[in-house]
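Each chain is listed here by its residues.
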Amino acid sequence: MLSVAGADHIITMDLHASQIQGFFDIPVDNLYAEPAVLKWIKENINEWKNCTIVSPDAGGAKRCGGVTSIADRLNVDFALIHKERKKANEVDRMVLVGDVKDRVAILVDDMADTCGTICHAADKLVSAGATKVYAILTHGIFSGPAISRINSANFEAVVVTNTIPQEDKIKHCNKIQVIDISMILAEAIRRTHNGESVSYLFSHVPL
């Protein structure tokens, strides 16, 4: 629809699967929230050097790559939660692979919708000895019971970007914090317009 409507270039952020870029016959710049996430962690979590980055759904089709890359760049440990899919009508069992005891656990994912998975994951991390649990998500969809689940879950904060407007959700949940990514998109537009390299933004936050 975007192509047919006349778009000749797409700038987007953290596609659920990077292969989606191949659906277009026009240039696509898939920007990453990662540089902004790294900046937020260093500025807002005092104990970040003693944290473990956790992927909440290793069994899903999601890219663990982004999560391991954040752990690498912070030089901290990585853990993952493996959801064992049971037969119909049986509850999934979550298995934590990695160590979070006496550490801050930071769940990182590209999106959260009803938040069932991340809230279960938070309980799992606390029972495994994590001192605090944060969730950092690029796209906060927060539909259905999401807000009430977050309010009653073990989170210090649930951090999302404003790729989806969050003003309304913040009013009902004081745990939600927002990373503003408007500067990243603006800089990508400026660089595209001036024929400069956009790949700089893959690893840097514009000043």
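Structural data are supplied above this passage.
An account of the accompanying structure is given in this report. What you see is a predicted model, and the numbers here were worked out from it, not measured in a lab.

Conventions we followed
Residue numbers here run from 1 along each chain, matching the order of that chain's written sequence. With the structure being a predicted model, the display of local features is reserved for residues of pLDDT at least 70 and the display and counting of side-chain atom pairs for 80 or more, all residues being used for whole-chain, interface and lining totals. Excluding hydrogens and water, the side-chain values take into account all heavy atoms of the structure. Only Phe, Tyr and Trp rings take part, Trp by its six-membered ring, and two of them pair if their centres are within 6.5 Å. Stacked means planes under 30 degrees apart, edge-to-face means over 60, and tilted covers everything else. The helix count covers DSSP runs of H or I at least four residues long, the strand count covers runs of E at least two residues long, and both are numbered beginning at the N terminus. Pairs of cysteine sulfur atoms within 2.5 Å are what we label disulfides. Each pair of strands is called paired provided DSSP finds at least two bridges between the two strands. By definition here, a salt bridge exists when the distance from a side-chain nitrogen of Lys or Arg to a carboxyl oxygen of Asp or Glu is within 4 Å. Each residue's exposure class comes from its accessible area (1.4 Å probe, protein chains only) as a fraction of the maximum for that residue type: buried when under 20%, exposed when over 50%, partly exposed otherwise. For our purposes a nonpolar core is just a set of buried Ala, Val, Leu, Ile, Met, Phe, Trp, Tyr and Cys residues, chained together by side-chain atoms within 4.5 Å. The contact rule is simple, with two residues in contact once any of their heavy atoms fall within 4.5 Å. To get an axis, fit a line to the C-alpha atoms, keeping to the stretch in contact for a helix; angles then go from 0 to 180 degrees between the N-to-C directions.

In this section: the packing of aromatic side chains. One pass over the full model with this rule turns up two aromatic pairs. Plain terms: the ring middles of Y32 and F202 are 5.1 Å apart, the flat faces sit at 55° to each other, and that makes the pair tilted. Here Y32 is found in the loop between β2 (28–31) and α1 (34–44), whereas its partner F202 is found in the segment after α6 (182–193), with 170 residues between them in sequence. On the numbers, 6.2 Å between centres and 70° between planes, the contact of W40 with Y134 is edge-to-face. Placement of W40 in helix α1 and of Y134 in strand β7 (residues 132–140) is noted, with a sequence separation of 94 residues between them.

Next up on the list: the state of the cysteines. What the rule picks out here adds up to zero disulfides. As a non-bridged cysteine, C115 has C119 as the owner of its nearest cysteine sulfur, 5.6 Å distant.

Another point: the pairing of strand β9 (residues 176–179). In this sheet, β9 lies alongside strand β8 (residues 157–161) in parallel orientation, the contact comprising four bridges. Paired with T161 across the two strands is I179, which belongs to β9.

What follows is about the pattern of salt bridges. This model, assessed by the stated rule, comprises seven salt bridges. Ionic pairing is found between R73 and E34, a salt bridge with its closest N-O pair at 2.8 Å. Of this pair, R73 sits in helix α2 (residues 64–74) while E34 is found in helix α1, placing the two residues 39 residues apart along the sequence. Overall, the relative accessible area of 40% leaves R73 in the partly exposed class. Between D77 and R103 there is a salt bridge, with its nearest N and O atoms 2.7 Å apart.

Another point: the nonpolar core. Membership of the largest hydrophobic core comes to 30 residues, with the highest contact counts inside it found for W40, I41, I45, I53, I70, L74 and I106. Listed by contribution, the elements that provide at least two residues to this core are α1, β3 (51–55), α2, β6 (104–112), β7, β8 and α6.

Inspection of the secondary structure assignment puts V37 in helix α1. What makes V37 buried here is its relative accessible area of 7%. Put simply, V37 and S182 are 145 residues apart on the chain and 14 Å apart in space, counted from C-alpha to C-alpha. Excluding residues that lie within four positions of it along the chain, V37 makes contacts with I70, I136 and I179.

Its identity as a non-glycine residue notwithstanding, D14 has a phi of 40°, on the positive side. Assessed through its relative accessible area of 7%, D14 is described here as buried. Positioned with a positive phi, N75 is a non-glycine residue whose angle comes to about 60°. Here N75 shows up in the loop between α2 and β4 (77–84).

Take the sheet that holds β7 next. One open sheet holds the seven strands; their spatial order is β5-β4-β3-β6-β7-β8-β9, and the pairing between them is mixed. Of all strands in the sheet, those bounded by a partner on one side alone are β5 (93–97) and β9. Mean inter-strand twist for the sheet, computed between neighbouring axes without regard to direction, equals 25°. Sheet topology note: the β4/β5 ladder contains five bridges and is antiparallel.

Function cannot be read off these values alone, since they describe shape.
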